[in-house]
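# Coordinates in review
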Amino acid sequence: MIRKFYYGDIPEDAGSGGHAPSKDARSGGNTPSKNTGKDWPLWEVFVRSKQGLDHKHMGSLHAADAEMAIENARDVYTRRMEGVSIWVVESKHLHASNPDDAASFYDPANDKVYRHPTFYELPDELSHM
Amino acid sequence: MKEHLFKYTLHLADNALILGHRNSEWCGHGPALEQDIAITNISLDLIGQARNFFQYAAALYGNRATEDSLAYLRDARDFTNCLLTEQQNGDWGKTILRQFFMSNYQSLLYDQLQQSKDEQLAAISAKALKEVTYHLKWSNEWVIRLGDGTDESHARMLKALNDLWPYNGELFIPAPYEVQAFEEGIAPDVKTLKNNWLNKVATIFEEAKLPVPKEGFSQTGGKTGLHTEYLGYILADMQYLQRTYPNNTW
């Protein structure tokens, strides 16, 4: 059976594979991190490509602890001069919107053009806009 | 040509090449994808350092020598790498420990070599030192993680320590070309690096709950071309293609 997890919803036993999904598969986000299985936990990696820019999500990797996650990120994601700073966060600590909610979350914004500043006509006297 | 400068440069190149090659044997076999990439990165760093030293050595030697002819067409007796670098990978713990000993040594050596009277060696060392600083940080953490890890990892580290410790002494026993290089201000006196090295190792070992063994007997010979049984196999693997298809390129 395929188990589907969203960010922030990864239960403690994820990764051991093949077991029945736990009851609280959708609510395991805030249990303390504990590496119980033989697999290392998953980490999300954010890299700043140069000073002044934002950290961007690069991908994810496995590591036993935060220190190792940063070193792994250095080796996996910055080998070709991609970064000057790295953030890592354990994937289970991220909470994500549910794709099934897309219709109610995002579609209503579709026809509300007045939310864009360009919808409004500005008086000619206004400059520097 | 200054023969001892050539020999000394070749010795630095051989250390980096053989350790790099040993680590590269992990490529595709690392305990986890991320660590596979890490150890392969370190291999590439070391082989890059070897190339810099080989290119310089080839220029010193002249006579149409190239970095490739020095790496691929010399026999085991002509290689002057320290015995430690050619020791078998064993398990992950042993590979880590070998890297830890060598990175500690290289970081002290390259740091001093930056002040070498030979500008080329100083420049190569300055560049290599940045890489080695990361190798050291990486292997420090792994030694602590494994030494102070599970009973199993601790026992494996003890075994690795037992296997590798006799090869550390050679690092600090200078070969004739090292003595000459020191006398001319080209290289540091390796004997003086020893205490610093021991202190650094002891600091990490304390955190890793590993004992610092007594000094004991040192295996020597690598620096003058007398190697353990393993180097021949490494060279057979590494040089096979050039020996079988001379001058082949790809």
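Scroll up for the structure.
An account of the accompanying structure is given in this report.

## Re the sheet that holds strand E1 (residues 42-48) of chain A
Residues and elements named next belong to chain A. If you walk across this open sheet you meet the 3 strands as E2-E1-E3, and the pairing is antiparallel. Edge positions in the sheet fall to strand E2 (55-62) and strand E3 (85-90), since each has one partner strand and no second. Between one strand axis and the next, the sheet turns by 25° as a mean value, whatever way the strands run. Here E1 runs beside E3; their pairing, made up of 6 bridges, is antiparallel. Bridge pairing in E3 links Glu44 to Val89.

## Quick word on the interface of chain A and chain B
The interface is formed by 12 residues belonging to chain A together with 13 residues belonging to chain B. Buried area between chain A and chain B, both sides added, is near 1200 Å², and the carbon and sulfur share of it is 48%. Of all residues in chain A, A:Glu71, A:Arg74 and A:Asp75 give up the largest surface area on contact with chain B, accounting jointly for 41% of the area buried on that side. Taken together, the links from chain A to chain B amount to 3 salt bridges. We note a salt bridge from A:Asp65 to B:Arg145, for which the minimum N-O separation is 3.3 Å. Across the contact surface, chain A and chain B share 8 residue pairs in polar contact (both at pLDDT 80 or more). Where the side of chain A that touches chain B is concerned, the elements lending two or more residues are E2 and helix H1 (66-77) of chain A.

Calculation rules
- Residues numbered from 1 in each chain as written.
- Chains lettered and ligands numbered in written order.
- Predicted model: local features only at pLDDT ≥ 70, side-chain atom pairs only at ≥ 80, totals over all residues.
- Heavy atoms only, no water.
- Pairing = 2+ DSSP bridges.
- Helix = DSSP H or I, 4+ residues; strand = E, 2+ residues; numbered from the N terminus.
- Axes fitted to C-alpha atoms, helices over the stretch in contact; angles between N-to-C directions.
- Contact = heavy atoms within 4.5 Å.
- Buried area = accessible area lost by both parts, 1.4 Å probe.
- Salt bridge = Lys/Arg side-chain N within 4 Å of Asp/Glu carboxyl O.
- Polar contact = N/O pair within 3.5 Å; in protein donor to acceptor, adjacent residues only side chain to side chain.

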